[in-house]
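Listed here are the chains, written in short residue letters.
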Amino acid sequence: MQASKIARAWFGLTALVVIAGLAAQIPVSAGTTGGTFQTPAGRVANLLAFFTIDSNILVGAGSLLLALGVAGRSTLFGVLRLTGLVGITVTGVVFQVALADLYELHGWAVFADTMLHKVSPLMCVAGWLLFGPRGQLSWRILWWSLLYPLAWLAVTLVRGAMIGFYPYPFVDPGINGYGGVAFNCVLIGVLFIGLAAAAVGFDRTFGRKDELDDYLAPDPAESVERIRDAGTY
């Protein structure tokens, strides 16, 4: 029971980190002048074009559900958990390797950057390694999780061709050409699949479905079986 409380506190803190980072980033983006988007509303809406923001939203949503004790063992939550975990890990790795030195940040932008690119990835990965939930991932969930990066890439390239905006230099054909963009995306795709496969392998090796984490919401079918076993109808 004590471990359950610690796990839920960790997930709650992870969700707060994401919320704090997003809350700081929104006014920073709204107040930035110049660029493709000329209005504060347009700049704030454009935040959803960034893989970092989307991955943090997925992590924040999954962590909040776990903290509140309403996350179950459905395939949908498994996809949400794996997609957020791998997406935020890719975010942290790609940022440190390719993006960290591209911008000079000040004030609240530094805080938002730290929360969304550094603290959130570390807390999400550490939380998953320490607290799971275990016994939830499968190869089927892995393939479903690939819809997120594929959809993001498709929308980014089509939208970019229409309005001339690309959120990151490595997906900008004007900088790298379409061949270079394809090469960069294949590298990141291999990283995404490799991390997802490693997560599924780890979960299947060290997790057992008969040892359920008690901070998960009970499955409705399991609750019915427990009532029947108790002789109550």
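Computed from a predicted model, the values in this text were never measured in an experiment.

Novice: Report on the overall build of the protein, specifying residues and quantitative values.
Specialist: When its secondary structure is counted, the protein shows nine helices and zero strands. Along the protein, helices (α) and strands (β) appear in the sequence α-α-α-α-α-α-α-α-α when read from the amino end. Every one of the 233 residues in the protein was classed for burial, and the buried ones make up 44%. Nonlocal contacts in the protein, meaning residues at least 24 apart in sequence, comprise 78% of its contacts between residues at least 6 apart.

Novice: Outline the packing of helix α3 (residues 51–68) against helix α7 (residues 147–163), listing residues and values.
Specialist: Helices that pack against each other are described as a pair by the angle of their axes relative to one another and the distance between those axes. One can describe the packing of α3 onto α7 by two numbers: an axis separation of 11 Å at closest approach and a directional angle of 150°. One way to sum up the angle between α3 and α7 is to call them roughly antiparallel. Crossing of α3 against α7: the hand is right-handed. Facing α3, whose interface residues are Phe51, Asp54, Ser55 and Leu58, α7 presents Tyr148, Pro149 and Trp152. When its residues are assigned to classes, the contact of α3 with α7 shows five nonpolar, one polar and one charged.

Novice: So what's going on with the side chain of Thr52? Residues and values would help.
Specialist: Take Thr52: it is sitting in helix α3. Residue Thr52 is classed as buried on the basis of its relative accessible area of 7%. There is a polar contact of 3.2 Å between the side chain of Thr52 and the side chain of His117.

Novice: Run through a nonpolar patch on the surface, naming residues and quoting values.
Specialist: A grouping of Leu64, Leu65, Leu68 and Val70 is seen on the molecular surface, where their side chains present a nonpolar patch of about 340 Å² in accessible area. Tracing the backbone shows Val70 in the loop between α3 and α4 (75–99).

Novice: Please set out helix α5 (residues 108–131) residue by residue, giving values where relevant.
Specialist: Most pronounced at Val119, the bend in α5 amounts to some 35°, and the proline Pro121 follows within four residues. Positive phi appears at Gly132, one or two residues downstream of α5, with a value of about 80°.

Novice: Which residues make up the nonpolar core, and what are the values?
Specialist: Counting residues in hydrophobic clusters, the biggest one holds 32 residues, and the most contacted among them are Phe51, Leu82, Leu137 and Val171. Contributing elements (two or more residues each) for this core: α1 (2–31), α3, α4, α5, α6 (139–145), α7 and α8 (173–206). For this core, the leading source of residues is α4, giving seven residues. Leave out the neighbours within four places in its chain, and Phe51 touches Gly87, Val90, Thr91, Tyr148, Pro149, Trp152, Tyr168 and Phe192. Ala7, Leu66, Ala71 and Phe77 belong to the second largest nonpolar core, which has eight residues in total.

Novice: Go over α8, please, and point to the residues and values.
Specialist: Over its 34 residues, α8 runs only 43 Å from end to end, short of the ideal 50 Å by more than 12%, given 1.5 Å per residue. Those residues of α8 lying buried are Pro173, Val181, Asn184, Cys185, Phe192, Ala196, Ala199, Val200 and Asp203. The opening residue of α8 is Asp172, an N-cap whose side-chain oxygen sits 2.8 Å from the backbone nitrogen of Gly174.

Novice: Tell me about the confidence of the model for the protein, residues and numbers included.
Specialist: Summary statistics for the protein give a mean pLDDT of 85 and a share of 84% for residues scoring 70 or more. Scored below 50 in pLDDT, residues 220–233 shows five contacts in the model against residues more than four places distant or in partner chains.

Novice: So what's going on with unusual backbone geometry? Which residues, and what values?
Specialist: Omega for the peptide link from Gly132 to Pro133 comes to 10°, which places this bond in the cis form. Relative to the helices and strands, Pro133 resides in the loop between α5 and α6.

About the thresholds
Residues numbered from 1 in each chain as written. Predicted model: local features only at pLDDT ≥ 70, side-chain atom pairs only at ≥ 80, totals over all residues. Heavy atoms only, no water. Helix = DSSP H or I, 4+ residues; strand = E, 2+ residues; numbered from the N terminus. Buried < 20%, exposed > 50% of the residue type's maximum accessible area, 1.4 Å probe, protein only. Contact = heavy atoms within 4.5 Å. Axes fitted to C-alpha atoms, helices over the stretch in contact; angles between N-to-C directions. Parallel < 35°, antiparallel > 145°, perpendicular 65-115°, else oblique. Left-handed = near helix turned anticlockwise from the far one by under 90°. Nonpolar A, V, L, I, M, F, W, Y, C, P; charged D, E, K, R; others polar. Polar contact = N/O pair within 3.5 Å; in protein donor to acceptor, adjacent residues only side chain to side chain. Patch = residues over 30% accessible without salt bridge, like charges linked within 9 Å, V, L, I, M, F, W, Y side chains within 5 Å. Areas by Shrake-Rupley, 256 points an atom, 1.4 Å probe, with all protein chains shown as cover. Salt bridge = Lys/Arg side-chain N within 4 Å of Asp/Glu carboxyl O. Bend = angle between axes of the 7 residues up to and from the residue. Core = buried A, V, L, I, M, F, W, Y, C linked by side-chain atoms within 4.5 Å. Expected span 1.5 Å × (residues − 1). pLDDT = per-residue confidence, 0-100.

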